[in-house]
Each structure stands twice: as structure tokens, then as C-alpha cells.
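A structural walkthrough
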Amino acid sequence: MMFVRYLLALPLLLLSYVGVPAAYRTLSTYLFRRGDGFDFTAQFLKNLTGYDGFWPVPVAVLLFAGLWWMTAAWPRIALLPAAPLAFMGVLTGLIDGWQKLVLGVATPAVAWGLAWLAAKIVSRPITRDVRRSAVEVAIGLRGDGRLRVQSRRLLLDKLPPPRHPEAPVGRVAIRFDRISHVEAGTVHTPAQWRFGNTSELTLTPGPVLRVIGGGQEWLLPVDDVETTMRLVVERARARAKADPRPPLENSRWANAKKLWDLQDKQSMQPNQQKVKHGMHHAMLVLSVLTAAMAGYAVFRVFTDSWGFLVGVLFFGGVSYGLARAWASLGATQKLAEENPRPPMADDPDPRRIPVTGWSSQPVVLGQTSDL
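To start, this report covers the structure provided alongside it. (Residues numbered from 1 in each chain as written. Predicted model: local features only at pLDDT ≥ 70, side-chain atom pairs only at ≥ 80, totals over all residues. Heavy atoms only, no water.)

1. Details of helix 8 (residues 254-262)
Taken together, the buried positions of helix 8 are Asn255, Ala256, Leu259, Trp260 and Leu262. Seen from one end, helix 8 has its buried residues packed into an arc of 165°, which puts them on one side. Elements that come into contact with the buried residues of helix 8 comprise helix 10 (309-338). (Buried < 20%, exposed > 50% of the residue type's maximum accessible area, 1.4 Å probe, protein only. Helix = DSSP H or I, 4+ residues; strand = E, 2+ residues; numbered from the N terminus. Arc of directions from axis to C-beta. Contact = heavy atoms within 4.5 Å.)

Laid out in C-alpha cells, this is it:
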């Protein structure tokens, strides 16, 4: 049961997001005092319950609450409270001694590792409850690239840089409701496969998963192709949900339209510059922080002075504006990832042999139209 998996993973996540920062502060205090009779337990409990304005810890907990299904994000969330502490530890370690330097380096490594282990507990092994659940399952591809089987879509990231430096996204996605064809096959000779964002993946000889939908065709070199195909098929059948796209004149199509214009162009030379993802998520973090400051100002209005109403309006307005900007940028990027081909384009013909030496066993899914 997924409930039991989350129950086992939750202590590791709490250690990663809350316990590791408290342990760092406890050990840092010990190294600073270096006196006899230091009570580690009392100091740890003090640091565990009071953060003295160190907001990254509660922000990390809130981000996990909102991204409870996105296992690939859990280790990165753990770095939110660990990274500032690591920076301080390394900075003081260069001045005061190697012990604080080691503590600063170890803190983010331990936090990241605990969150990574929690993600593995929830998503592995891939049993029936995982296949039908919303939890994200990340599957590495041979060579470059990673397939992330998410709640409502397939997401392909960590691809080589797009061939065209003007490509606005470095990832592509297919929603489950738009998948029309899935098959497991084999490639006998090396080949290059280009995705809708112009990234090219080298297909090494071996098993390959073929996915068609949303005007796209993917060839994914995965070792355990049968398990991956079964995961994609079962989750698509269990969790496909129509998501109507906005009218083409909507401004959110801006990045997608850039990709459509690049399809017929030829790059003069290979592009080495990767597209940076997730930068807009900093707006979400800042929105949560300013919302907390607005909440504190509300508290001071009732306990101190009405003058704090200025803080409520200012920080509340900043938080709302950042949240709106984050949602808008995220929607624009998501639309481009899921529609690197125009919505009116037909799906590639599954009867066509995609590369030389291809052999397969197809599984056909019903496609939900939302146009």
C-alpha cells in the first residue's frame, strides 16, 4: 500500500528537512564552545523546536506538502535549508578549522541522501499500487536523459542540449490522455533520435520503449523495457485526465510557437548551452517567505500596533505578485513541453519503422481528444 510506503519514508524526510539542520546547529555550537558538560540532547531539542527566524526549514516542509508526489524534487527541497548552513560552515571552516569545513560539506550531502532514499522507498519496487498511484517514478535512460512517469504525464528531462540554441525548453512531455500508442522494441544498430525540442538522443543497441501521442514520437532506450511499458500503460489507463488547451491566440503559447518555428531550421553547429529549468521556482520560495512575513505582520497588528498594517499590505502584495508570476511562467513552460508540435498536427504513424532494425510488440491505448 502507498500509505505504508509514505509512512516509512516520512521519518527520513523529517530528518532531511528538519533533523539535519538542527544537528548542524548543535554540532556547530559544540565546536564553538568546546566546553565540558555540553548537553547534546538538550541543545538538539532546542534547535529542533526553535529556528530563530531560519525560514528555509518551514519553507521546505511546505514545499514538500505541495509536491508530495514529485519524488525527483524531494532531494532538491532538502538543499533549501541545508545549502545556507553549508555555506556558513565552509566559510567559517576556512577560518576556524577543518572540522567546521567538514561539517559544512557533509550537511547538504546527508540531507540530499536521506531525501533520495525516501523517494526510493516510495517509488521502488514498481508494484501495482505504484503503477496506479500519483507518485512520480524516475527511470534513467541508457546514456543521457531521464523518464519521469508523473501523476498525469510523461516528462523527459536531462536531455542533451537542444540542437537549436533558440529552443526555449530543454524538456518534453506527453500527457496520458494524449498517448495513442506504446510499444516495446529493440534497436540493433546505434541511431540518433530527435525530440520536439530539437534535443538529440543517441540510441544504443538494446531494448527501446516507443511512445506516440500529442503529435510526438519518442524512442527511449531503457534497460527494463517491459516493466517501464507496463508502468506507462497502467498509469495512463488509471490516471488519464483531459486537460483542455487554451486558444492558440493565448499568450501562454509563446514558447511553444517558438519551437514550431524551429522544426524546419537547421542548426549551423551543435549547441552546448543547456536550457536552465526551475529558475521560476525561486519566485514560489520568495512568495512563501513574504507570505510568512505578511502573516507575522498580521499578528503584530493585533498584538502591537496598527502601523504593521503597512507590512501586511506590502508583503502580502509582493507574495501575491510573485505567486502569479510563478504560475504564469510555469504554465507557459508546461504548455511548450507538452506541445512541441502544433496541436493540429497528426500523430506519427505507428506502422512506420522509426529506425533501421526495429522490431516491436505494440500496446494500443485510447486517446482522449481535448481540442
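2. Observations regarding the environment of Leu155
Within the secondary structure, Leu155 is located in strand 3 (residues 153-157). As a C-alpha pair, Leu155 and Glu338 span 183 residues in sequence and 8.6 Å in three-dimensional space. Apart from residues no more than four positions distant in its own chain, Leu155 is found in contact with Arg146, Leu147, Arg148, Gln150, Arg171, Val172, Ala173 and Glu337.

3. Some points on the pairing of strand 3
Among the five residues of strand 3, five are classified as buried, and the element is accordingly described as predominantly covered. Across the two faces of strand 3 the burial is the same, with Arg153, Leu155 and Asp157 and Leu154 and Leu156 all buried. Relative to strand 3, strand 2 (residues 146-149) runs antiparallel, the two sharing four bridges. By the bridge assignment, Leu147 is partnered in strand 3 with Leu156. Relative to strand 4 (residues 172-175), strand 3 is paired through four bridges, and the arrangement is antiparallel. Bridge pairing links Leu155 to Ala173 in strand 4. (Pairing = 2+ DSSP bridges.)

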